[in-house]
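Coordinate inspection notes
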Amino acid sequence: EMGTPRSFTPRMPALSRAEVELWEIEGDNAAGPVVIVTPGWGDSKIGVLPRLDAIAPWASLVIAWDPPGLGVSPGACGLGVHEPALLNELCGCYAREAGIVLYGWSLGGGASVSAGTSAGVHGVIAEAPYRLAPTPARNVLRAAGLPYRLNLPIAMALLGVRLGAGALWRGFDRAERARDLRVPLLVLHGTDDAVCPVADGEAIAAEAADGSIVTVPGGGHNDLWSDDGFRPVCADALRAFGERLTGSPAVSA
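The present account deals with the structure reproduced in this document.

Definitions and cut-offs
- Residues numbered from 1 in each chain as written.
- Predicted model: local features only at pLDDT ≥ 70, side-chain atom pairs only at ≥ 80, totals over all residues.
- Heavy atoms only, no water.
- Helix = DSSP H or I, 4+ residues; strand = E, 2+ residues; numbered from the N terminus.
- Rg over C-alpha atoms; globule rule 2.2 N^0.38 Å.
- Contact = heavy atoms within 4.5 Å.
- Areas by Shrake-Rupley, 256 points an atom, 1.4 Å probe, with all protein chains shown as cover.
- Salt bridge = Lys/Arg side-chain N within 4 Å of Asp/Glu carboxyl O.
- Buried < 20%, exposed > 50% of the residue type's maximum accessible area, 1.4 Å probe, protein only.
- Axes fitted to C-alpha atoms, helices over the stretch in contact; angles between N-to-C directions.
- Parallel < 35°, antiparallel > 145°, perpendicular 65-115°, else oblique.
- Left-handed = near helix turned anticlockwise from the far one by under 90°.
- Nonpolar A, V, L, I, M, F, W, Y, C, P; charged D, E, K, R; others polar.
- Core = buried A, V, L, I, M, F, W, Y, C linked by side-chain atoms within 4.5 Å.

1. Focus: the overall build of the protein chain
Looking only at helices and strands, the protein chain has 8 helices and 8 strands in total. On C-alpha atoms alone, the protein chain measures out to a radius of gyration of 17 Å, which is about the 18 Å that the 2.2 N^0.38 rule sets for 253 residues. Referenced to the eigenvectors of the C-alpha coordinate spread, the extents of the protein chain come out at roughly 55 × 40 × 35 Å. For the protein chain, the proportion of contacts with a sequence separation of at least 24, taken over those separated by at least 6, is 69%. Just so you have it, the protein chain exposes about 11100 Å², and 54% of that area is on carbon and sulfur atoms.

In structure tokens, the structure reads:
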């Protein structure tokens, strides 16, 4: 589906908690890290395509996967509770000397932050992340003019119990998880994100020992890579981060 196709291999690794489908996409830098890309809720590994040209030049391999309940992977979405453990397993599958970079957006961004302490991870990129589990649902319901003040807390408490996070979702806060990171963290966030507020991204970056944030003026939640005015800012940020991790300019495709 890209203007210039890239070689890839589809795989279905059997992880301990789930069976997922992924693409192994060849990068341009044989000495670069493996980048594992995690989509947001309702998205899939197809979401890597508009981002790929900003990742592949400094990566040796790009792993785009469908967590359970997303894309074509069976099961139910873990709402950010189960995905970090699955990412930890994927890190073990793709361990290399050049290391691993975890990159995700929205739900996938928070999961990447939480899994950033996994062995072999050299960096984390979180695009449009949110701190607390109810945040995106609350903001989407509110924007649609639907009730959320009474029903959402009840629903989230029940979901928390069902998913094993507990009714209060203690330990979910992605800013708290960012404190545990000992690798560079890049947060990419639109200033006009109505689903996951930029204040959340700022807090997550601030809590990391080596965190930074690139804000996209006027950027929303789902248009950072589709808007011609926002895309160059995002692409430059990813390439600069990749060059920092590899210590050399990105390879030209």
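Read on for the rest.
2. As for the pattern of salt bridges
For the structure on display, the rule yields 11 salt bridges. Across the pair lysine 45 and aspartate 66 runs a salt bridge whose closest N-O atoms are separated by 2.6 Å. Placement of the pair is lysine 45 in the loop between strand S3 (34-38) and helix H1 (52-55) and aspartate 66 in strand S4 (residues 61-66), with a sequence separation of 21 residues. On the accessibility criterion, lysine 45 (5% relative accessible area) is buried. The buried category is assigned to aspartate 66, whose relative accessible area is 1%. Residues arginine 51 and glutamate 127 are paired through a salt bridge, measuring 2.8 Å at the closest nitrogen-oxygen approach. Of this pair, arginine 51 sits in the loop between S3 and H1 while glutamate 127 sits in strand S6 (residues 121-127); the two residues are 76 residues apart in sequence, bridging distant segments of the chain. In this structure, a network of salt bridges that share partners links the residues Glu21, Lys45 and Asp66.

3. Describing the packing of helix H2 (residues 83-93) against helix H3 (residues 107-114)
In contact at an axis separation of 8 Å, H2 and H3 are set at 60° when each is read in the N-to-C sense. Taken as axis vectors, H2 and H3 run oblique relative to one another. Taken as a pair, H2 and H3 cross one another with a handedness that is right-handed. Of the residues in H3, those touching H2 at Glu83, Pro84 and Leu87 are Leu107, Ala111, Ser112 and Ser114. By residue class, the composition of the contact of H2 with H3 is 4 nonpolar, 2 polar and 1 charged.

4. Things to note about the nonpolar core
Ranked by size, the top nonpolar core spans 31 residues in total, and within it Ile36, Trp65, Leu87, Leu90, Leu102, Val113 and Leu185 carry the most contacts. Each residue touching leucine 87, except ones within four places of it in the same chain, is listed here: Ile36, Thr38, Trp65, Leu102, Ala111, Ser112 and Ala115.

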